[in-house]
Amino acid sequence: MLLVVGHPSIGAALEALLRIEDRYEVRRAQSLEQVTSGLDGWPADLALVDGVLVPKGRIEVLTMTTIVLSGNPRDGRRLAERFPHGQGWLRKDATAEEIRAAIDRALAPTARRWSAAVVVAALVLAGIVIVIAWYVLRLRG
């Protein structure tokens, strides 16, 4: 878990909160530039990024899943879209349970979802195969 938070006290508080259950290995950075300059080969699974640190008009190149910490939904969604692996946003004053739930959702394996068009196409194809088989069997007998 990578925390990208500019304010040292807030970063320390979030880090302590995440370390309480001993579920995450946590590291901190105070800027996105510090993250892109290197983490000594440490592969973070997820980054919690303070939205204040995301510059305007720039797409951020973080290779890990990212959740943006923001003060309101509009800014949070807008900022999360700037990350290639953005998984939404979280209120800056989120509770410990909300933070854990957001992290678990972001790290959970995604279930493959079939679109309605694919399901309908498969059903139509199956229907055509059944009709052809019925027709062939009727011609034989």
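Above this text is the structure in question.
Residues numbered from 1 in each chain as written. Predicted model: local features only at pLDDT ≥ 70, side-chain atom pairs only at ≥ 80, totals over all residues. Heavy atoms only, no water.

Quick word on the sheet that holds strand 1 (residues 2–4)
- Sheet architecture is open: 5 strands sit in the order 2-1-3-4-5, paired in parallel fashion. Single-partner strands in this sheet number two, and they are strand 2 (27–29) and strand 5 (86–91). For this sheet, the mean angle separating the axes of adjacent strands, direction not counted, is 20°.
- Sheet topology note: the strand 3 (residues 46–50)/strand 4 (residues 65–70) ladder contains 5 bridges and is parallel. Each bridged residue has a counterpart across the sheet, and for Val49 the counterpart in strand 4 is Val68. (Pairing = 2+ DSSP bridges. Helix = DSSP H or I, 4+ residues; strand = E, 2+ residues; numbered from the N terminus. Axes fitted to C-alpha atoms, helices over the stretch in contact; angles between N-to-C directions.)

What to know about the pairing of strand 4
- With 6 of its 6 residues buried, strand 4 lies for the most part within the structure.
- Pairing of strand 4 with strand 5, which is carried by 4 bridges, proceeds in the parallel orientation. Residue Leu69 lies in a different strand from strand 5, and its bridge partner there is Leu90.
- At this point the chain moves from strand 4, through helix 3 (residues 73–80), to the parallel strand 5, and the crossover so formed is right-handed. (Buried < 20%, exposed > 50% of the residue type's maximum accessible area, 1.4 Å probe, protein only. Right-handed = clockwise from strand over helix to strand, strands pointing away.)

A short note on the environment of Val54
- Inspection of the secondary structure puts Val54 in the loop between strand 3 and strand 4.
- Accessibility expressed as a relative area gives 6% for Val54, which makes it buried.
- The sequence separation of Val54 and Gly6 amounts to 48 residues, and the corresponding C-alpha distance is 11 Å.
- Val54 has contacts with Leu32, Val49, Glu60, Leu79, Arg82 and Phe83, leaving out every residue within four places of it along the chain. (Contact = heavy atoms within 4.5 Å.)

Overview of the nonpolar core
- Among the nonpolar cores identified, the biggest contains 17 residues, and Met1, Leu18, Leu48, Ile99 and Ile103 are the most heavily contacted of them.
- Where this core is concerned, the elements lending two or more residues are helix 1 (8–19), strand 3, strand 4 and helix 4 (96–107).
- For this core, the element with the most residues is helix 4, which contributes 4 residues.
- Ignoring sequence-local partners within four residues, the contact set of Leu18 consists of Met1, Leu3, Tyr24, Val26, Leu48, Ile99 and Ile103.
- Core analysis: the second largest hydrophobic core is formed by 16 residues, Leu2, Val49, Val68 and Leu79 among them. (Core = buried A, V, L, I, M, F, W, Y, C linked by side-chain atoms within 4.5 Å.)

What about a nonpolar patch on the surface?
- A surface patch of nonpolar side chains, about 820 Å² in accessible area, is lined by Val120, Val124, Ile128, Ile132, Trp134, Tyr135, Val136 and Leu139.
- By the secondary structure assignment, Val124 is in helix 5 (residues 116–140). (Patch = residues over 30% accessible without salt bridge, like charges linked within 9 Å, V, L, I, M, F, W, Y side chains within 5 Å. Areas by Shrake-Rupley, 256 points an atom, 1.4 Å probe, with all protein chains shown as cover. Salt bridge = Lys/Arg side-chain N within 4 Å of Asp/Glu carboxyl O.)

A look at the pattern of salt bridges
- All chains considered together, the criterion is met by 10 salt bridges.
- Between Glu15 and Arg28 there is a salt bridge, with the nearest N and O atoms lying 2.7 Å from each other. With Glu15 in helix 1 and Arg28 in strand 2, this residue pair connects regions lying 13 residues apart in the sequence.
- Among the ionic pairs, Arg91 bridges to Asp93, the shortest N-O distance being 2.8 Å.
- Overall, Asp93 belongs to the exposed group, its relative accessible area being 57%.
- A network of salt bridges, in which partner residues are shared, links Glu15, Arg19 and Arg28.

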